[in-house]
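# Report on the structure
These are the residues of each chain, in order.
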Amino acid sequence: MRAVARGEKPAPPDAAEVSFNSVEALTRLLTPENRILLAAIRDRQPQSIAELGKMTGRAPSNLTRTLDKLEAAGLVRMETIGQRKMPIPTIRKIHVEIDPFSLNDRMETA
């Protein structure tokens with residue numbers, strides 16, 4: 001999973017399922033920049049990584065690594081259309097319940 005997060009390996013076939021090891025891992029992934037990126041994907045529906053790059057001002061190579069991480073976590077899926085890949089959001093919200101007295105935190109998606 002770490003190699004996938006670093007962009008060294010493709011996401012496994014079951015990557016479409018939302019998968020977080022911890023609330024901490026989720027908060028590391030959902031940086032302000034990544035949340036802006038996810039909002040752009042949801043609201044503007046780019047048809048390719050290049051189009052998303054133009055919308056956000058980010059380099060396609062940087063976006064590819066970030067999208068690989070988001071896909072590995074199950075937050076987006078990449079649909080291949082011809083020669084291009086189109087990011088599609090897979091969830092609307094994440095609900096987190098934190099138990100401050102143990103490590104029994106819960107996360108669910110909507």
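Being a predicted model, the structure only gives us computed values, none of them experimental.

### Comments concerning the overall build of the chain
Along its length, the chain carries 5 helices and 4 strands. Along the chain direction, N to C, the helices and strands of the chain fall in the order α-α-α-α-α-β-β-β-β. Counting over 110 residues, the chain shows a buried share of 29%. Considering only intrachain contacts with a sequence separation of at least 6, the fraction spanning at least 24 residues in the chain is 49%. Surface summary for the chain: the accessible area is close to 7,500 Å², and the carbon and sulfur share equals 50%.

### Describing the packing of helix α4 (residues 49-56) against helix α5 (residues 60-72)
Their axes nearest at 9 Å, the elements α4 and α5 cross at an angle of 110 degrees. Between α4 and α5, the interaxial angle falls into the category roughly perpendicular. From α4, I49, L52, G53 and T56 reach across to α5, where they touch P60, L63, T64 and L67. Here the contact of α4 with α5 is built from residues that sort into 5 nonpolar, 3 polar and no charged.

### Overview of the nonpolar core
Of all hydrophobic cores here, the largest spans 15 residues; its most connected members are L37, L52, L67, L70 and L75. Secondary-structure elements contributing two or more residues to this core are α3 (32-44), α4, α5 and β1 (76-81). The element contributing the most residues to this core is α3, with 4 residues. L70 has contacts with L29, L37, L38, L75 and V76, leaving out every residue within four places of it along the chain.

### Observations concerning the pattern of salt bridges
On inspection of all chains with the given rule, the structure shows 4 salt bridges. When the shortest N-O distance is used, the salt bridge between R106 and E108 registers 3.2 Å.

### Things to note about the environment of L38
Counting through the fold element by element, L38 comes out in helix α3. A C-alpha to C-alpha distance of 9.3 Å links L38 and P87, two positions 49 residues apart in sequence. Excluding anything up to four places from it in sequence, L38 contacts L30, L70, L75 and V76.

Criteria and cut-off values
- Residues numbered from 1 in each chain as written.
- Predicted model: local features only at pLDDT ≥ 70, side-chain atom pairs only at ≥ 80, totals over all residues.
- Heavy atoms only, no water.
- Helix = DSSP H or I, 4+ residues; strand = E, 2+ residues; numbered from the N terminus.
- Buried < 20%, exposed > 50% of the residue type's maximum accessible area, 1.4 Å probe, protein only.
- Contact = heavy atoms within 4.5 Å.
- Areas by Shrake-Rupley, 256 points an atom, 1.4 Å probe, with all protein chains shown as cover.
- Axes fitted to C-alpha atoms, helices over the stretch in contact; angles between N-to-C directions.
- Parallel < 35°, antiparallel > 145°, perpendicular 65-115°, else oblique.
- Nonpolar A, V, L, I, M, F, W, Y, C, P; charged D, E, K, R; others polar.
- Core = buried A, V, L, I, M, F, W, Y, C linked by side-chain atoms within 4.5 Å.
- Salt bridge = Lys/Arg side-chain N within 4 Å of Asp/Glu carboxyl O.

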